[in-house]
Amino acid sequence: MQSTYVCRATADLQDRWSNSLGARQDTRAGNAVALLLLRAEANMGAGRYFEAIADSGKVLKRESGNLDAYLMRGRAHYMLGEHDMAKRHAQEGLRMDPEHVGCKTLFRLLRRITKLEKQATDEEKHGRYEQAIATVCLAVLFGCYICGSAHAVPCLAVPRGCGCGPIAPSLP
């Protein structure tokens, strides 16, 4: 029920900002950037990650040093499973501001997930299947950073199913 309301609200927000942006082609660059970032955020909330990437890319064309746009692109690539691209965008943001909390958190998350994926692959190659499964579950648990949930059943907590969905109950 609540997720339906959130989806409708984000879709409504995205439509309003999309219409506002289209109607105001003569706005100043700063206002257009703010609108594009809001639309990208609404697209992220509605699960339209490619659109979020496109909008944040437009922001970066106008303001190449916009840290929020780099973080938005990184999060969108992360949700699409494109971890290398997500890591690149987080790194670019960190080059500009090494203390940016969002970029730092995303980068650390991706570094940890990459390490766990490699570990699981190595365990599988050596026939340690139960350990490989446990490592993959741990990687998925770390991956739930985006929705901010900790899951009692990490094996079922996939990016689109966590909190996000009924299959992954949150811990108290």
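Notes on the structure follow.

Cut-offs and rules
- Residues numbered from 1 in each chain as written.
- Predicted model: local features only at pLDDT ≥ 70, side-chain atom pairs only at ≥ 80, totals over all residues.
- Heavy atoms only, no water.
- Salt bridge = Lys/Arg side-chain N within 4 Å of Asp/Glu carboxyl O.
- Buried < 20%, exposed > 50% of the residue type's maximum accessible area, 1.4 Å probe, protein only.
- Helix = DSSP H or I, 4+ residues; strand = E, 2+ residues; numbered from the N terminus.
- Expected span 1.5 Å × (residues − 1).
- Arc of directions from axis to C-beta.
- Contact = heavy atoms within 4.5 Å.
- Axes fitted to C-alpha atoms, helices over the stretch in contact; angles between N-to-C directions.
- Parallel < 35°, antiparallel > 145°, perpendicular 65-115°, else oblique.
- Left-handed = near helix turned anticlockwise from the far one by under 90°.
- Nonpolar A, V, L, I, M, F, W, Y, C, P; charged D, E, K, R; others polar.

1. Looking at the pattern of salt bridges
Here comes step 1: In the structure shown here, the tally under the stated rule is 4 salt bridges.
Here comes step 2: Between Lys104 and Glu99 there is a salt bridge, with its nearest N and O atoms 2.9 Å apart.
Here comes step 3: On the basis of relative accessible area, Glu99 is assigned to the exposed category, the value being 56%.
Here comes step 4: The residue Lys118 makes a salt bridge to Asp122 at a minimum N-O spacing of 3.3 Å. Of this pair, Lys118 and Asp122 both sit in helix H6 (residues 101-125), 4 residues apart, which is roughly one turn of the helix.

2. Points about helix H5 (residues 83-96)
Here comes step 1: Compared with the 20 Å implied by 1.5 Å per residue over 14 residues, the 20 Å span of H5 between its first and last C-alpha is a close match.
Here comes step 2: Buried within H5 we find His83, Ala86, His89, Ala90, Gly93 and Leu94. Projected down its long axis, H5 shows its buried positions confined to an angular sector of 140°, all on one face. Turned more than 90 degrees away from the buried face of H5 sit Asp84 and Arg95, all of them exposed.
Here comes step 3: Elements that come into contact with the buried residues of H5 comprise helix H4 (67-79) and H6.

3. Examining the packing of helix H3 (residues 49-62) against H4
Here comes step 1: Two elements in contact, H3 and H4, have axes separated by 9 Å at closest approach and are oriented at 155°. Between H3 and H4, the angle falls in the class roughly antiparallel. As for the relative orientation of H3 and H4, their crossing is left-handed in sense. Contact residues: H3 offers Tyr49, Ala52, Ile53, Ser56, Gly57, Val59 and Leu60, while H4 offers Ala69, Tyr70, Met72, Arg73, Ala76, His77 and Met79.
Here comes step 2: Among the residues forming the contact of H3 with H4, the class breakdown is 10 nonpolar, 3 polar and 1 charged.

4. Some details on the environment of Glu123
Here comes step 1: As for its position among the elements, Glu123 is in helix H6.
Here comes step 2: In sequence terms Glu123 and Thr135 are 12 residues apart; their C-alpha atoms lie 8.8 Å from each other.
Here comes step 3: In this structure Glu123 touches Arg128, Gln131, Ala132 and Thr135, once residues within four positions along its chain are discounted.

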